[in-house]
Amino acid sequence: MTLAAPSIQSLIEQKQQELHDLVQYPEDKLTSIIRDVGFKCDLCSRCCTEKFNDHVFLLDADTAVIKQIDALALTPAPYFEFCDQYGRFYVSGYSLKNKPDGSCYFLEWGRCRIYSSRLSICRVYPYMLHREADESGNMDWRQISGLNEHGCYHTEIGDSEAREIAKETRDYEKAFLEQELRFLKAVNTHFTKNGLRHVQKVYDKKMRLYKKGESIEVWVYYNSTFEKNIMPVEQ
Ligand code: SF4
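Here's what I pulled together on the structure shown here. Because the structure is a prediction, the values reported are computed rather than measured.

**Thoughts on the overall build of the chain**
Along its length, the chain carries seven helices and 12 strands. For the chain, whose C-alpha radius of gyration is 19 Å, the value lies close to the compact-globule estimate of 18 Å for 235 residues. For the chain, the C-alpha atoms occupy an extent of roughly 55 × 40 × 35 Å along the three principal directions. For the chain, buried positions account for 25% of its 235 residues. Sequence separation of at least 24 residues holds for 70% of the intrachain contacts in the chain that already meet a minimum separation of 6.

Shown next as structure tokens:
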């Protein structure tokens, strides 16, 4: 299958609709869900592991913080969105590396090494506000991640605290969608200008070779530009 520029355009429209729906979501409803769930972190640190949370996606502002603290912690976020006919991948941002045991690069003795400047997603987790398919494939809003799988529940959360969490959660999701939209528009322009197109066949072939140890070129969208990364990192 080949995704040409109009298909990227349809993805842009889809994300714009998601953003519109997100902004319309009643903040009172999210506040009430947060109070009902009454989540409290019990410092189990499971949410800081690949097994539990796959990866920590970084908004541009978070990437800027990590570049200051330790740029070696950065890696292109997985599940690259596009691959052009020459085998170059494109992805909407960076994520944090995991250690070989699957725990976050910054997790040490069960605690976050950068807690005082921790990242947007780490601040709002486990709260979220986006549409996802359930087990039957029906799309619905999801507001809490890993429900009943970690932490404590049904603790007392005051109204003003819950409202603050709801606001921070929606702000995060909005910033995430806006970054995704900027990325899609930038890819669309870059492809159109340079006669490029997404080719799924090339994507699949390059990924197979990558899994066998061959290096790949990944262009990561950051601060309105694309940064070239070679994976795995050359020593
Ligand atoms: S940056 Fe800190 S809080 Fe975030 S996943 Fe890593 S260890 Fe956990």
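**Here's the deal with helix α7 (residues 200-211)**
Here α7 contains 12 residues, and its C-alpha end-to-end distance of 16 Å stays within 8% of the 16 Å for a straight helix at 1.5 Å per residue. Once α7 ends, the next one or two residues include Gly213, with phi positive near 110°.

**Here's the deal with the site of the ligand**
As a matter of local geometry, the ligand sits amid Cys48, Val56, Leu96, Cys104, Phe106, Leu107, Cys112, Ile114, Arg118, Leu119 and Cys122. Partitioned by chemical class, the residues of the shell around the ligand number 10 nonpolar, no polar and one charged.

**Focus on the sheet that holds strand β12 (residues 225-231)**
Consider a sheet: its strands pair through backbone hydrogen bonds, and that pairing is either parallel or antiparallel. If you trace the four strands from one edge of the open sheet to the other, you get β3-β4-β11-β12, paired in mixed fashion. The sheet is open, and its two borders are formed by β3 (82-83) and β12, each paired with just one other strand. As judged from the two bridges shared by β3 and strand β4 (residues 88-91), these two strands associate in the antiparallel manner. Its bridge partner being in β4, Phe82 is matched across the sheet by Tyr90.

**Some details on helix α6 (residues 159-194)**
Its 36 residues give α6 an end-to-end C-alpha distance of 52 Å, which sits within 8% of 52 Å, the value for a rise of 1.5 Å per residue. Ala162, Ala166, Thr169, Tyr172, Glu173, Phe176, Phe183, Leu184, Val187 and Phe191 are the residues of α6 that are buried. Gly195 sits one or two residues past α6 and shows a positive phi near 65°.

**Some details on the pairing of strand β8 (residues 127-133)**
Sheet topology places β8 next to strand β9 (residues 139-144); five bridges connect them, and they run antiparallel. Residue Ala133 lies in a different strand from β9, and its bridge partner there is Met139. Connecting the antiparallel pair β8 and β9 is a turn made up of five residues, with Gly137 showing a positive phi of about 90°.

**Examining the environment of Glu108**
Structurally, Glu108 can be placed in strand β6 (residues 107-108). Measuring from C-alpha to C-alpha, the distance between Glu108 and Glu50 comes to 15 Å, with 58 residues separating the pair along the chain.

**Re unusual backbone geometry**
For residues that are not glycine, phi is negative in most cases, and the peptide bond is trans in most cases. Omega for the bond connecting Tyr125 with Pro126 falls within 30 degrees of zero, at 10°, which places this linkage in the cis form. Its place among the elements puts Pro126 in the loop between α5 (120-124) and β8. The omega torsion of the bond from Met231 to Pro232 falls at -10°, within 30 degrees of zero and hence cis. Positionally, Pro232 belongs in the segment after β12. In this structure, Asp54 takes a positive phi of about 60° despite not being glycine. Relative to the assigned elements, Asp54 resides in the loop between α3 (50-53) and α4 (60-70). Residue class for Asp54 comes out exposed when judged on the 12 C-beta atoms lying within 10 Å of it.

The rules behind these values
- Residues numbered from 1 in each chain as written.
- Predicted model: local features only at pLDDT ≥ 70, side-chain atom pairs only at ≥ 80, totals over all residues.
- Helix = DSSP H or I, 4+ residues; strand = E, 2+ residues; numbered from the N terminus.
- Rg over C-alpha atoms; globule rule 2.2 N^0.38 Å.
- Buried ≥ 20, exposed ≤ 12 C-beta atoms within 10 Å, placed from the backbone.
- Contact = placed C-beta atoms within 7 Å.
- Expected span 1.5 Å × (residues − 1).
- Near = placed C-beta within 6 Å.
- Nonpolar A, V, L, I, M, F, W, Y, C, P; charged D, E, K, R; others polar.
- Pairing = 2+ DSSP bridges.

By themselves these figures say nothing about function.
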